[in-house]
Amino acid sequence: MALVVYGPALALSHVTGLSHHVLVAIMFIVCIFYSSIGGIKAVLWTDSLQAVVMFVSMTVVVILGFSNVGGFSVVWERAKASGRINFFNFDPDPRVRHTFWTAIIGGYFTWLPMYVNQAQVQRYISLPSMKAVKIALLINFVGLCIIMGLCHLAGLVIYATYHKCDPLKNGDIMAIDQLLPKFVMDTLSNQPGLPGLFVAGITCAGLSTVSSVVNSLAANIVEDYVKKIQCNLSESKLAIISKTISVVTGLMGFGFVFVAERMGSIFSVSV
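First, a word on scope: everything that follows refers to the structure included in this document. Numbers given to residues run from 1 along each chain, matching the order in which its sequence is written. Thresholds applied to this predicted model are a pLDDT of at least 70 for local features of residues and 80 or more for the giving and counting of side-chain atom pairs; totals over whole chains, interfaces and linings are not thresholded and use all residues. In computing side-chain properties, one takes all heavy atoms of the structure into account and sets aside hydrogens as well as water.

## Quick look at the overall build of the protein chain
Now for step 1: A run of DSSP states H or I qualifies as a helix once it reaches four residues; a run of E qualifies as a strand once it reaches two. Both are numbered from the N-terminal end. When you go through the protein chain residue by residue, the secondary structure sums to 11 helices and 0 strands.
Now for step 2: Mapped in sequence order, the helices and strands of the protein chain form the string α-α-α-α-α-α-α-α-α-α-α.
Now for step 3: Values of the radius of gyration come from C-alpha atoms, whereas the globule rule sets the reference at 2.2 Å times the count of residues to the power 0.38. For 271 residues, the compact-globule formula gives about 18 Å, and the C-alpha radius of gyration of the protein chain, at 21 Å, lands near that figure.
Now for step 4: Oriented by its inertia axes, the alpha-carbon framework of the protein chain measures out at about 70 × 45 × 35 Å.

Below is the structure:
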């Protein structure tokens, strides 16, 4: 929870000029507020809207990025010349970070827990039937493939833009996690509204995850612990306890941000 907020906040600090600690605090306050007040219904509706904003922002960034660099062919050739296009590296050595086997096997075990954790199961049981669950998972699969594809394309565009000048080595950015917002500000800032759209997109990514985790933790603690310890509590008292737990877990997540910022690159830590 701390990582998924710290990453967007670090990126936003480069765009807005505000301290990432201030941005983290704002994001947690917003998440705690609507998660504790609205419950799972608020989380689901905001997640849906946030997914749309993320998709639109990444699509615009990628399309205009390709246009500014010179087109897809230029991006592809620069990536290929540097050895970044290698889909079929079948080296069985587990010490090699990116191979066909690490992508397939490692990717499988990385994504598997994403669909069997408390936050996801809570979504499954909120649907009226198993058929609806399967349809939702299919939509999720298609959407996830599109989002991940856009992220990979954005990475290629960024490399094609800075392939002769590393912003991190030049001191233009403090961490590699700020590379995407720097790219947005350098290449798209002359387009009115686009930096704001990008800010909305990466903010939605953080809000979506934190709200889901806060809500699922509260539901889990109430069902598995509170109801077993105090069997006779009314629904109104359970609702108050659930909202209190949401606030407490959100504040704990905020505290762990100060640990996350000392752990290096967000991507490396998260995987």
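Past the structure itself, the notes keep going.
## Considering the packing of helix α3 (residues 72–81) against helix α6 (residues 130–162)
Pairs of packed helices are described in terms of their axes, by the angle between the two and the distance that separates them.
Now for step 1: For the pair α3 and α6, the least separation of the axes is 9 Å and the interaxial angle reads 80°. When the interaxial angle is binned, α3 and α6 end up roughly perpendicular. Note on element contacts: α6 touches α3 through Leu-153, Leu-156, Val-157, Tyr-159 and Ala-160, opposite Phe-72, Val-75, Arg-78 and Ala-79.
Now for step 2: Among the residues forming the contact of α3 with α6, the class breakdown is 8 nonpolar, no polar and 1 charged. For every element, the axis is a line fit to its C-alpha atoms; helices are fit only across the contacting stretch, and the angle between N-to-C directions ranges from 0 to 180 degrees. When an angle is under 35 degrees it counts as roughly parallel; over 145 it counts as roughly antiparallel; between 65 and 115 it counts as roughly perpendicular; any other value is oblique. It only takes one pair of heavy atoms within 4.5 Å for two residues to be counted as in contact. Three categories are distinguished: nonpolar for Ala, Val, Leu, Ile, Met, Phe, Trp, Tyr, Cys and Pro, charged for Asp, Glu, Lys and Arg, and polar for the others, with Gly belonging to the last.

## Quick look at the layout of surface pockets
Now for step 1: Volume-wise, the second largest pocket comes out at about 260 Å³.
Now for step 2: Detection works on a 1 Å grid of protein atoms alone, calling trapped sets that fit a 1.4 Å probe cavities and calling open sets with protein on both sides within 12 Å along at least five of seven lines pockets, with lining residues defined by an atom within 4 Å of a point. What lines the second largest pocket is a set of 18 residues, among which Gln-122, Asn-215, Ala-218, Ala-219 and Ser-242 lie closest to the centre.
Now for step 3: Tallying contributions element by element places helix α9 (residues 194–229) first for the lining of the second largest pocket, with 6 residues.
Now for step 4: Here the residues of the lining of the second largest pocket sort into 6 nonpolar, 9 polar and 3 charged. Grid points are joined across faces, edges and corners, and a volume is the space filled by probe spheres set on the points.

## Quick notes on the side chain of Arg-123
Now for step 1: Tracing the sequence through the fold places Arg-123 in helix α5 (residues 118–126).
Now for step 2: On the basis of relative accessible area, Arg-123 is assigned to the buried category, the value being 17%.
Now for step 3: Look past the residues within four positions of Arg-123 in its chain and what remains in contact with it is Val-43, Leu-44, Asp-47 and Ser-212. Accessibility here uses a 1.4 Å probe with only protein chains present; expressed as a share of the type maximum, an area under 20% marks a residue as buried, one over 50% as exposed, and anything in between as partly exposed.

## Topic: the packing of aromatic side chains
Now for step 1: Stacked, edge-to-face and tilted labels apply to pairs of Phe, Tyr and Trp rings (six-membered ring for Trp) whose centres lie within 6.5 Å, assigned for plane angles under 30 degrees, over 60, and everything in between, in that order. One pass over the structure, following the stated rule, counts 7 aromatic pairs.
Now for step 2: Their ring planes at 50° and their centres at 5.6 Å tell us that Phe-66 and Phe-72 sit as a pair that is tilted.
Now for step 3: Given a relative accessible area of 12%, Phe-66 falls into the buried group.
Now for step 4: Centroid distance Tyr-108 to Phe-109: 5.0 Å. Interplanar angle 85°. Geometry classified as edge-to-face.
Now for step 5: Three or more aromatic residues joined by ring pairs form one cluster here, namely Phe-88, Phe-90, Phe-100 and Trp-101.

## With respect to the environment of Ser-35
Now for step 1: Mapped onto the elements, Ser-35 comes out in helix α2 (residues 20–69).
Now for step 2: As for Ser-35 and Ser-211, which are separated by 176 residues in sequence, their C-alpha atoms are 5.6 Å apart.
Now for step 3: Those residues in contact with Ser-35 that lie beyond four places of it in its chain are Val-43, Ser-211, Val-214 and Asn-215.

## Topic: the pattern of salt bridges
Now for step 1: Throughout this description, the term salt bridge denotes a Lys or Arg side-chain nitrogen within 4 Å of a carboxyl oxygen of Asp or Glu. Taken as a whole and assessed by the stated rule, the structure comprises 3 salt bridges.
Now for step 2: A salt bridge links Asp-93 to Arg-95; the shortest N-O distance between them is 3.1 Å.
Now for step 3: Accessibility expressed as a relative area gives 22% for Asp-93, which makes it partly exposed.

## Looking at the nonpolar core
Now for step 1: Counting residues in hydrophobic clusters, the biggest one holds 39 residues, and the most contacted among them are Val-75 and Phe-183.
Now for step 2: In plain words, nonpolar cores are sets of buried Ala, Val, Leu, Ile, Met, Phe, Trp, Tyr and Cys residues tied together by side-chain atoms within 4.5 Å. Grouped together as the second largest cluster of nonpolar side chains are 5 residues, Ala-218, Val-222, Val-226 and Ile-245 included.

## Some words on helix α8 (residues 179–188)
Now for step 1: With 7 of its 10 residues buried, α8 lies for the most part within the structure.
Now for step 2: Among all positions in α8, only Leu-179, Pro-181, Lys-182, Phe-183, Val-184, Thr-187 and Leu-188 are buried.

## So, a nonpolar patch on the surface
Now for step 1: Nonpolar side chains collect at one region of the surface, where Phe-87, Phe-88, Phe-90, Trp-101, Ile-104, Ile-105, Tyr-108, Phe-109 and Leu-112 lie side by side and expose about 1000 Å² of accessible area between them.
Now for step 2: Positionally, Phe-88 belongs in the loop between α3 and α4 (100–111). Note on patches: the residues involved have over 30% relative accessible area and no salt bridge, like charges join within 9 Å, and the nonpolar side chains Val, Leu, Ile, Met, Phe, Trp and Tyr join within 5 Å. Note on areas: these come from Shrake-Rupley sampling with a 1.4 Å probe, and a residue is covered only by the protein chains present in the view.

## Things to note about the packing of α2 against α8
Now for step 1: At a minimum axis separation of 11 Å, α2 and α8 run at an interaxial angle of 60°. Taken together, the axes of α2 and α8 lie oblique to each other. Of the two elements, α2 crosses α8, and the hand of that crossing is left-handed. Taking contact as the criterion, the partners of Val-61, Leu-64, Gly-65 and Asn-68 in α2 are, on α8, Leu-180, Phe-183, Val-184, Thr-187 and Leu-188.
Now for step 2: Looking at side-chain class alone, the contact of α2 with α8 contains 6 nonpolar, 3 polar and no charged residues. Here a crossing is taken to be left-handed if its near helix is turned anticlockwise relative to the far helix by less than a right angle, and right-handed if that turn runs clockwise.

## Examining the side chain of Ser-246
Now for step 1: Structurally, Ser-246 can be placed in helix α10 (residues 235–260).
Now for step 2: With relative accessibility at 2%, the residue Ser-246 sits in the buried group.
Now for step 3: The residues contacting Ser-246, other than those within four sequence positions of it, are Ile-32, Ser-36, Val-214 and Ala-218.

Keep in mind that these numbers describe shape and distance, not what the molecule does.
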